[in-house]
Structures are given as C-alpha cells and as structure tokens.
Amino acid sequence: MEAEVVVIGGGQSGLATAYALRREGVTPVLLEAADRPAGSWPHYYDSLTLFSPARYSSLPGMPFGGDPDRYPHRDEVVDYLTAYAARLDAGIRTGARVAEVSAEGEGFGITLQDGSRLAARAVVAASGTFGNPYRPALPGLENFTGTVLHAADYRTPEPFAGQRVIVIGAGNSAVQIAAELATVARVTLATRAPVRFARQHLLGRDLHFWLTVTGLDTAPLGRLLRTPPTQPVLDDGRYRSALDVDAPDRRALFTEAGDGKVTWADGTTEQVDAIVLATGYRPDLPYLAGLGVLDAAGRPLHRDGASLTHPLLAYVGLEWQRSLSSNSLRGVGRDAARAARRLAARLRR
C-alpha cells in the first residue's frame, strides 16, 4: 500500500493533522496503535479534568460541546476525540503500532509491529509523549523495595489507603495526584524547588482567556527553548490550601532511598510504602531511531515541527514545539495546520 502522507498517532495531534491535511487536499492514512483513535486520554488517572475550559479545549472544525466554561473530565475528552475521528474523511487504522520508519527513495517505508508494510511520500510523527514516561535517576531509587510507579500508571487513590506515599514532581499532575492521595494516605510532595502556582482566574476570567488575548498562548517561544520549563500549577485555591495544611506536605527531594526507606535532607529516615514519579514525559519516537533524525537524547531535530534532516518528515504535538499551547487540545491545531501547509506544498512540487 502506498499513501501520500502517513500520520503516526491517532490522538489529538494525529487527528488535528489529518483534518489539516484534508483541508490542503491531501488524503492521509492515520496509524493508531490502540483499538480506538483517542490517544493517551483513556489511560490518564480517573479524576483528571482539563486545566482549560471547554471553550479553549477543542480541535479545529469541531467545538467542544456543553457548557463552554466547564472543565471537561477525561472521559468527556475521550468521547470528544472519538466523535472527531468519526467525522474525519481520512483512512484510520487502529491496532497499527509502527515499529520502524526507514528512508526509501524520496519517501519512506513504514513497518508495523505485525510485520506489514506501507510506503508514504511524507510522514508526520504525532505519537505524543505518554508512551515514554520520564523516570529520572534519583539517589538509591533502584534499591527501593516499596512500590515505584510513574504517574502514567496511576489511576485511583484507593490502592494506597493508609500507606506512606511520596509523590515526586512540581507540575499540575504531581500536585493533583498528591492532593488526591492525601485524602486516603499520608503523603509528601517532594520537589527540587518550591511549587509555583498560577491563579486559575484573574479579574473574573479564566487564565486561558488572558493567554489568548495577550498572544502569549501562541507566541513562538518554543524555538528559543532547549529544555521546556516546568509550568506553574493552575490553582483555584484548593491546592495551595491543601499544602498549607500539609495534605500533602511539601519537602525537598530525599537524599537517599533503599530497601523500603528514604532519607531526607535533615538526616531523618523513615519507612515509605510507595513512590509516585509525576516527572513528565519525553517524545515517544522509537520508530525513528534508525532514520538519523533524533539527537543523542532521543529528541527530534526540528524547527517549528519541520525536520531539519528530512524535508518530508514533520512533527506535531511536541511540548513547546512552537508555543506554550503546542501539545494541548487548544493549540495543536495551529501546529498541525502549519505542518500540513508545508508538506502539501512540497508534495505538489
């Protein structure tokens, strides 16, 4: 089988890209590893709600339904993406995990995990980051005999009831998970620096309104950043209040772990049942490893999503790919449209 463009990944980034390509007159084939085109959203923790209101959380061509000022739940996002995919005039193949992309002539060969192959003139890598959780090297963690899991594997607090738990991280997910766990367990949020908060509402408006009207949401700052910064925790007051009453408490990162214990900076040692790593993700691009398009750390060599080594290879959905909103529902459509325009122009030459 031969396609003009193969889009790898059927989550928000891949779906937005497929939509943008159709608007450019290109019919893509979209490959999704899971059994439905909803990306990582079905796998996030059960209580997750969006950090942005519904009015700022839609892909191009289909507004998010319901009250535009509410913060949709994870399952609402799954339903939204499923409905969005059903409306796309594109070939969507589920259960199609890509094992390798190789250069073939002026195009690409795509090998799937089941051994089947297809050819494409162009490829868009839109597989996100959820499949590549970042697990930092922490002192002694490899010798810790309690439970260690990444936030990618966390679902509900009930299995941790009555336990001593440490959540590592200073971002939105870390604080949300720690506060939720603190309702059933004794929890410490361990961070390298104090948690930074941003007010969810300013002058009666959600923060995303101000990010939009000031242009900060779309400013092309990504090209200036080698390492994406940790963004402040969006808070309506509940999380700062929880930390104020030590539910969870906040401490500097432990200095050593081993057996079922950790040692804190003040020299005290205590027994710990579980450590949750809410330490973010990295681009999930193992299928590009043999193409020479990644740096030593596995990050793509690109500018604004355009590959620096292969003109018919593009990326969509990278964190800070171009702007603050690049890997979000509200912003990925802009990057997808830019990538689609560039690829369509090259394909027409």
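The rules behind the values
- Residues numbered from 1 in each chain as written.
- Predicted model: local features only at pLDDT ≥ 70, side-chain atom pairs only at ≥ 80, totals over all residues.
- Heavy atoms only, no water.
- Buried < 20%, exposed > 50% of the residue type's maximum accessible area, 1.4 Å probe, protein only.
- Helix = DSSP H or I, 4+ residues; strand = E, 2+ residues; numbered from the N terminus.
- Pairing = 2+ DSSP bridges.
- Right-handed = clockwise from strand over helix to strand, strands pointing away.
- Axes fitted to C-alpha atoms, helices over the stretch in contact; angles between N-to-C directions.
- Core = buried A, V, L, I, M, F, W, Y, C linked by side-chain atoms within 4.5 Å.
- Contact = heavy atoms within 4.5 Å.
- Phe/Tyr/Trp six-rings, centres within 6.5 Å; stacked < 30°, edge-to-face > 60°.

Lay out the pairing of strand 2 (residues 28–32) in plain terms, naming residues and giving numbers.
Buried residues dominate strand 2, accounting for five of its five residues. Two strands pair when backbone bridges link them, and strand 1 (residues 2–8) and strand 2 are joined in this way by four bridges, in the parallel orientation. Each bridged residue has a counterpart across the sheet, and for valine 7 the counterpart in strand 2 is leucine 30. Taking the sense of rotation as the criterion, the β-α-β connection linking strand 1, helix 1 (residues 12–23) and strand 2 turns out right-handed. Pairing of strand 2 with strand 3 (residues 91–94), which is carried by four bridges, proceeds in the parallel orientation. Across the sheet, residue valine 29 finds its bridge partner in strand 3, namely glycine 91. As for the winding sense of the linkage, the β-α-β connection from strand 2 through helix 2 (residues 74–87) to strand 3 is right-handed.

Can you lay out the sheet that holds strand 16 (residues 261–263) for me, pointing to particular residues and giving the numbers?
Here we have three strands laid out as an open sheet, ordered 15-16-17, and antiparallel in their pairing. Where the open sheet ends on each side, the last strands, each with one partner, are strand 15 (256–258) and strand 17 (269–271). Between one strand axis and the next, the sheet turns by 20° as a mean value, whatever way the strands run. Pairing between strand 16 and strand 17: three bridges, direction antiparallel. Bridge pairing in strand 17 places lysine 261 opposite glutamine 271.

Would you mind going over the nonpolar core in detail, with residue names and values included?
For soluble globular proteins, the rule of thumb is that nonpolar side chains tend to be buried together. Counting residues in each nonpolar core, the largest one holds 85 residues, and the members touching the most others are Val101, Ile110 and Val167. Each residue touching isoleucine 110, except ones within four places of it in the same chain, is listed here: Val6, Leu31, Val98, Glu100, Val101, Ser116, Arg117, Leu118, Ala119, Ala120 and Val123. Core analysis: the next-biggest nonpolar cluster, separate from the first, contains 14 residues, Leu138, Leu141, Ala190 and Trp264 among them.

Please give an account of the packing of aromatic side chains that cites residues and values.
Under the counting rule described, the total for this entry stands at 10 aromatic pairs. Ring centres of phenylalanine 64 and tyrosine 80 lie 4.6 Å apart, and the angle between their planes is 10°; this geometry places the pair in the stacked category. In this pair, phenylalanine 64 is assigned in the loop between strand 2 and helix 2 and tyrosine 80 in helix 2, connecting sequence segments 16 residues apart. The residues phenylalanine 64 and tyrosine 80 share a single accessibility class, namely buried.

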